[in-house]
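# Summary of the model geometry
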Amino acid sequence: MARCLVFMVFQIYCLISTVGLPLEPAELLQLGGDVGGGRLSTDPADVLEASRDFGGFTRGEPLAVYHPSGAGDVAALVRAAYGSARDIRVSARGHGHSIRGQAQVAGGVVVDMSRGGKAPSRALPVYSPELGGHYVDVWGGELWIDVLNWTLSHGGLAPRSWTDYLYLSVGGTLSNAGISGQAFHHGPQISNVYELDVVTGKGEAVTCSEAKNPELFFGALGGLGQLGIITRARIALEPAPRKVRWIRALYSNFTEFTADQERLISQSQHGGGRRFDYVEGFVVAAEGLINNWRSSFFSPQNPVKLSSLKHHTGVLYCLEVTKNYDDSTAATVDQEVDALLGDLNFLPGTVFTTDLAYVDFLDRVHTAELKLRGKGMWEVPHPWLNLFVPASRIADFDRGVFRGILGSRTSGGPILIYPMNKHKWDPRSSVVTPDEEVFYLVAFLRSALPGAPQSLEALARQNREILDFCAEAGIGARQYLPNHKSQPEWEAHFGEERWARFAGLKAQFDPRAMLATGQGIFPPPALLSDF
């Protein structure tokens, strides 16, 4: 292995000499790592893959890609970079699903946390009497779909909180928040973690939790990778249901739509009462809905009369809910669902229902992904915009954006809208949310398809219009998966008090500002001007 490492270092030294960055070979030998089986690569295929992401907006080509075999390798790499006299920037990359180059690091080293498809050794789920439930320890680069399959096969367990797409890394979602339709009840994924192992910007491997090193624990949760690289997470588990009743219902009245959504998420606070297990929603143009109604959700065996929609034009809103059940509760699920739906004000005759396995429901987006890949419609730019909007201003947002800027046009991809309860979010985390108990995620998950009426530039311009409207109207929206152009904008995003706290944690745990520089939150003291 030593001979291979020396040869690798020689390759990188030659590359660096070519581009004019005079690092010493000894420093690169350290970066190669002599702990475990870490591998430093300058293979063009590795570099190309690490230079791009799902968003397709930016490309930042790293000097090298590091493939660690464990947390010790990650710590050795970061420690060597921190101890170097040079400005060596390091960024962790999971599944590469970031939108604006958050995992990219031009001229630096990308840590590929995926382990190159090699299955990591996994811990078995554990029951903790102290916690009153099960947990599982997982590698930070593990995909949630693999965590799910593992825990289901060992005790029929599953994590409590999810994202809508499971092919994301654990460390990646925990660095943001991790949300979907279960967040109103269980909170985001960052509210369902007991412990982390984090490699800080000093190269220190730190175990942290609410009781041990809490500043790093809560700072790293939602911390956008700024304080360290998550190498292990202890995830809360619960018994997984077997089946899901999946229901969609349509609204033409936005006030009734949001009132019903807020009523449904309030039911989670009554402890054991009737409630749905998942509450989301989306916005769609009525004409597009009627003309293109069939999808993988609906089948010819599930016909619904749409005659009541003939007189509706413009925007419709779709409520999406689920009820979990298993063999012991299958006999009563119809009654429970009917009772819950009976309190709602959707358009008559617009309820669509299907039943499927719990795993199939959680993995539903991947099914759509495979279809889009087959049509060449997945590997395209994704100018996504995700906002947290306070409930008190959501009607203004509807008038100004859905019926205003968009002009009732909702093509290009899903536009999600659903509420969450702020008390399910720990205020000690680094995530920024509106200062109201109920706030909405509004997610514009659009794609710039070749030949589509709205180009990448047009969609990006429209996103800017939406942000400008929110600012001018005083909506109080906050970006989720945020993207800002300057440090003053980041300071405004966090607010004065939270920014002071976050900047203090950055100075403590990554004093050279060398981690996750692709987001531009904390520019390194001396940028690599040679690139």
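Residues numbered from 1 in each chain as written. Predicted model: local features only at pLDDT ≥ 70, side-chain atom pairs only at ≥ 80, totals over all residues. Heavy atoms only, no water.

## Quick look at the overall build of the protein chain
In terms of helices and strands, the protein chain carries 17 helices and 18 strands. Looking at the protein chain as a whole, 55% of its 531 residues qualify as buried. By sequence separation, contacts in the protein chain at least 24 residues apart represent 76% of the contacts at least 6 residues apart. Put simply, the protein chain shows about 22,500 Å² of open surface, and 53% of that area lies on carbon and sulfur atoms. (Helix = DSSP H or I, 4+ residues; strand = E, 2+ residues; numbered from the N terminus. Buried < 20%, exposed > 50% of the residue type's maximum accessible area, 1.4 Å probe, protein only. Contact = heavy atoms within 4.5 Å. Areas by Shrake-Rupley, 256 points an atom, 1.4 Å probe, with all protein chains shown as cover.)

## Some words on the layout of surface pockets
Of the pockets and cavities examined, the second largest pocket occupies roughly 640 Å³. Mapped onto the lining of the second largest pocket, the elements with two or more residues apiece are strand S15 (385-390), helix H15 (456-472), strand S18 (478-480) and helix H16 (487-494). When residues in the lining of the second largest pocket are grouped by element, the largest group, seven residues, is from H15. Taken together, the residues of the lining of the second largest pocket sort by class into 13 nonpolar, nine polar and six charged. (1 Å grid on protein atoms, 1.4 Å probe; cavity = no way out; pocket = protein on both sides within 12 Å on 5 of 7 lines; lining within 4 Å. Points joined across faces, edges and corners; volume = space filled by probe spheres on them. Nonpolar A, V, L, I, M, F, W, Y, C, P; charged D, E, K, R; others polar.)

## A look at the confidence of the model for the protein chain
When the pLDDT values of the protein chain are averaged, the result is 88; 84% of them are 70 or greater. Contacts of residues 32-36 to residues separated by more than four positions or lying in other chains number 12 contacts, the stretch itself having pLDDT below 50. In the predicted structure, residues 527-531 sits below a pLDDT of 50 and forms 10 contacts with residues beyond four places in sequence or in another chain. (pLDDT = per-residue confidence, 0-100.)

## Quick notes on the sheet that holds strand S4 (residues 109-112)
A sheet is described by the order of its strands in space; here four strands give the open sequence S1-S2-S4-S3, paired in mixed fashion. The open sheet is flanked by strand S1 (39-41) and strand S3 (90-93), the only strands paired with a single partner. For this sheet the average axis-to-axis angle between neighbouring strands, irrespective of direction, equals 25 degrees. Bridge count between S1 and strand S2 (residues 64-67): three bridges; the pairing is antiparallel. Bridging across to S2, Ser-41 finds its partner in Val-65. (Pairing = 2+ DSSP bridges. Axes fitted to C-alpha atoms, helices over the stretch in contact; angles between N-to-C directions.)

## Structural notes on the pattern of salt bridges
Evaluation of the coordinates by the stated rule reveals 27 salt bridges. Two residues, Glu-49 and Arg-52, come together in a salt bridge whose shortest N-O distance is 3.2 Å. The partly exposed category is assigned to Glu-49, whose relative accessible area is 36%. Residue classification places Arg-52 among the partly exposed residues on the basis of a relative accessible area of 34%. Residue Arg-373 pairs with Glu-369 through a salt bridge whose shortest N-O separation is 2.7 Å. You can see Arg-373 and its partner Glu-369 sitting in helix H13 (residues 364-374), four residues apart, about one turn around the helix. Exposure remark for Arg-373: the relative accessible area of 38% places this residue in the partly exposed category. Look at Glu-369 and you get buried, because its relative accessible area is 3%. Overlapping salt bridges bring together Asp-137, Glu-195, Asp-197, Arg-232 and Arg-234 as one network. (Salt bridge = Lys/Arg side-chain N within 4 Å of Asp/Glu carboxyl O.)

## Quick look at the pairing of strand S6 (residues 133-139)
Taking burial as the measure, the seven residues of S6 include six buried ones, the bulk of the element. Linkage of strand S5 (residues 126-128) to S6, two consecutive antiparallel strands, is achieved through a turn of four residues, within which Gly-132 is found at a positive phi near 75 degrees. Pairing of S6 with strand S10 (residues 228-239), which is carried by six bridges, proceeds in the antiparallel orientation. In the sheet register, Val-136 faces S10, and the bridge partner there is Ile-235.

## Describing the nonpolar core
Of all hydrophobic cores here, the largest spans 67 residues; its most connected members are Leu-174, Ile-179, Leu-196, Ile-235, Phe-388 and Met-420. Looking at which element gives the most residues to this core, the answer is helix H5 (residues 144-153), with five residues. Among the domains, domain 2 (126-239) and domain 3 (243-479) are the pair contributing at least three residues each to this core. When neighbours within four sequence positions are excluded, Ile-235 is seen to be in contact with His-134, Tyr-135, Val-136, Val-138, Trp-144, Pro-159, Val-170, Leu-174, Asn-192 and Val-193. Val-283, Val-315, Val-321 and Leu-385 belong to the second largest nonpolar core, which has 43 residues in total. (Core = buried A, V, L, I, M, F, W, Y, C linked by side-chain atoms within 4.5 Å. Domains from an automatic or database assignment.)

## Here we look at helix H4 (residues 71-83)
Here H4 spans 18 Å end to end across 13 residues, near enough to the 18 Å set by a 1.5 Å rise per residue. Restricting attention to buried positions, one finds in H4 the residues Asp-73, Val-74, Ala-75, Ala-76, Leu-77, Val-78, Ala-80 and Ala-81. (Expected span 1.5 Å × (residues − 1).)

## Considering unusual backbone geometry
The phi angle at Leu-481 is positive, at roughly 55 degrees, despite the residue not being glycine. Note on placement: Leu-481 falls in the loop between S18 and H16. Backbone geometry places Ala-513, a non-glycine residue, at a positive phi of 50 degrees. Note that Ala-513 resides in the segment after helix H17 (496-509).

## A closer look at the side chain of Arg-446
By the element assignment, Arg-446 lies in the loop between strand S17 (438-444) and H15. Here Arg-446 sits buried without a salt bridge, and the closest side chain of opposite charge, Glu-465, lies 8.8 Å off (N-O distance). Side chain to side chain, Arg-446 and Gln-462 meet in a polar contact 2.4 Å long. Engagement of the side chain of Arg-446 in a polar contact is seen with the side chain of Asn-463, the distance being 3.0 Å. Residue contacts for Arg-446: discarding those within four places in its chain leaves His-382, Pro-383, Trp-384, Leu-406, Ser-411, Gly-412, Gly-413, Pro-414, Leu-459, Gln-462 and Asn-463. (Lys, Arg positive; Asp, Glu negative; His and termini not counted. Polar contact = N/O pair within 3.5 Å; in protein donor to acceptor, adjacent residues only side chain to side chain.)

## Description of the packing of helix H14 (residues 394-405) against H15
Angle between the axes and distance between the axes are the two parameters that describe a pair of packed helices. Relative orientation of the contacting elements H14 and H15 amounts to 155 degrees, with a least axis distance of 11 Å. By the angle between their directions, the pair H14 and H15 is classed as roughly antiparallel. Between H14 and H15 the crossing geometry is right-handed. Each of Asp-396, Phe-397, Gly-400, Val-401 and Ile-405 in H14 lies in contact with H15, whose residues at this interface are Gln-462, Glu-465, Ile-466, Phe-469 and Cys-470. Split by residue class, the contact of H14 with H15 holds six nonpolar, two polar and two charged. (Parallel < 35°, antiparallel > 145°, perpendicular 65-115°, else oblique. Left-handed = near helix turned anticlockwise from the far one by under 90°.)

## Things to note about the pairing of S2
In S2, alternate side chains face the same way, and those of Ala-64 and Tyr-66 on one face and Val-65 and His-67 on the other are all buried. Where S2 and S4 come together, three bridges link them in parallel fashion. Considered in S4, the bridge of Val-65 is made with Val-110.

## Things to note about the packing of aromatic side chains
All chains considered together, the criterion is met by 25 aromatic pairs. With centroids separated by 5.5 Å and ring planes inclined at 65 degrees, the aromatic side chains of Tyr-251 and Phe-257 adopt a geometry described as edge-to-face. Like Phe-257, Tyr-251 is buried. A connected cluster of aromatic rings, assembled from ring pairs, spans Tyr-251, Phe-254, Phe-257, Tyr-317, Phe-346, Phe-397, Phe-402 and Phe-444. Taking NZ or CZ as reference, Arg-364 lies 4.1 Å from the ring centre of Phe-361, over its face. (Phe/Tyr/Trp six-rings, centres within 6.5 Å; stacked < 30°, edge-to-face > 60°. Lys NZ or Arg CZ within 6 Å of the ring centre and 35° of its normal.)

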